[in-house]
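# Inside the fold
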Amino acid sequence: MHEHSIFYNLINPWFRETFGFEVPDHILNGLFILLLLTILSIILKRYILKIGRDNPTKFQSLIEVILKGLIDLMEDIIGHNMGHKFLPIVGAFAFFIFFCNISGLFFFLNPSTSNPNTTFALSITAFFLYNIQGIAKHKSRYIKQFLGPFLATAIIIFPVELVSHSVRALSFGLRLYGNMFGEHTISSFISNMLPIIA
């Protein structure tokens, strides 16, 4: 039987009585992580503004190194001067996935990323985001990349490219779900073995 997180048992009795249905565990934990990240970012912003940019602390320097590394990585992959543009969405994805995965280490939480609904929601969002950005930047040239180098081969290459490109949303979601499912299976197996070893 599936064990629910602490939020499921706290919120759903009231929610069921008030609205007549329950909120799934992965949504509750995702909202908790979202709330936690929002509060942490507000506190961190106030802390950095209070100290000022002229006198950075070691913690502020660590955050700047992480952000600079993320921006440099994005500029290597996406292109020059594009890191700052996409930092908010890529950073939001990175922190949300990281904190969801870390929440799986606590016995009373059930991470959102261990549910395929969450991983596919993230992958479909990323899929639409980069396609919309590609169309906005390259216009008709974005569609031409699916046709191949020669117009004569376009009738063969276009369906193949379209399918291979569309499968990326499925691939992103399955990879994240598979990683989290494997991690939770191994960690629960090891935690169940610990009383035997001790």
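Presented here is a report on the structure given in the accompanying data block.

On to the overall build of the chain, then. Scanning the chain from N- to C-terminus turns up seven helices and zero strands. Going from N to C terminus, the chain has its helices and strands arranged as α-α-α-α-α-α-α. What you see for the chain is a C-alpha radius of gyration of 22 Å, clearly larger than the 16 Å of a compact globule of 198 residues, by over 25%. Principal-axis analysis of the C-alpha atoms gives the chain an extent of 65 × 55 × 45 Å. Per-residue burial for the chain yields a buried fraction of 27% across its 198 residues. Taking the contacts inside the chain whose residues are at least 6 apart along the sequence as the reference set, 51% of them involve residues at least 24 apart. Surface exposure of the chain reaches about 14,100 Å², of which carbon and sulfur atoms provide 72%. Of note, the chain has its 14 positive side-chain charges centred 12 Å away from the centre of its 11 negative side-chain charges.

With that settled, consider the nonpolar core. Counting nine residues, the largest nonpolar core consists of Ile33, Leu37, Phe93, Phe96, Ile97, Cys100, Leu122, Leu176 and Met180. Within the residue set of this core, elements represented by two or more residues are helix 2 (25-51), helix 4 (83-103) and helix 7 (154-197). With four residues, the single largest contributor to this core is helix 4. Once residues within four sequence positions are removed from consideration, Met180 is found in contact with Asn101, Thr113 and Ser114.

Within the element layout of this structure, His26 appears in helix 2. Owing to a relative accessible area of 13%, His26 belongs among the buried residues under this scheme. The contact partners of His26, leaving out residues within four places of it in the chain, are Ser112, Asn115, Asn117 and Thr118.

A separate point is the packing of helix 2 against helix 3 (residues 58-77). For the pair helix 2 and helix 3, the least separation of the axes is 11 Å and the interaxial angle reads 120 degrees. When the axis of helix 2 is compared with that of helix 3, the two are oblique. At the point where helix 2 passes helix 3, the crossing takes the left-handed sense. Mapping the contact onto sequence places Leu44, Tyr47, Ile48 and Ile51 in helix 2 and Phe59, Gln60 and Ile63 in helix 3. Along the lines of polarity and charge, the residues of the contact of helix 2 with helix 3 split into six nonpolar, one polar and no charged.

So, about unusual backbone geometry. Phi is positive for Asn81, close to 65 degrees, though the residue is something other than glycine. Note on placement: Asn81 falls in the loop between helix 3 and helix 4. Although it is not a glycine, Lys139 adopts a positive phi angle of roughly 55 degrees. Its place among the elements puts Lys139 in the loop between helix 5 (116-138) and helix 6 (140-144). In this structure Lys139 comes out as exposed when scored by relative accessible area, which is 56%.

Here is what the cut-offs are and how they apply
Residues numbered from 1 in each chain as written. Predicted model: local features only at pLDDT ≥ 70, side-chain atom pairs only at ≥ 80, totals over all residues. Heavy atoms only, no water. Helix = DSSP H or I, 4+ residues; strand = E, 2+ residues; numbered from the N terminus. Rg over C-alpha atoms; globule rule 2.2 N^0.38 Å. Buried < 20%, exposed > 50% of the residue type's maximum accessible area, 1.4 Å probe, protein only. Contact = heavy atoms within 4.5 Å. Areas by Shrake-Rupley, 256 points an atom, 1.4 Å probe, with all protein chains shown as cover. Lys, Arg positive; Asp, Glu negative; His and termini not counted. Charge placed at Lys NZ, Arg CZ, Asp CG, Glu CD. Core = buried A, V, L, I, M, F, W, Y, C linked by side-chain atoms within 4.5 Å. Axes fitted to C-alpha atoms, helices over the stretch in contact; angles between N-to-C directions. Parallel < 35°, antiparallel > 145°, perpendicular 65-115°, else oblique. Left-handed = near helix turned anticlockwise from the far one by under 90°. Nonpolar A, V, L, I, M, F, W, Y, C, P; charged D, E, K, R; others polar.

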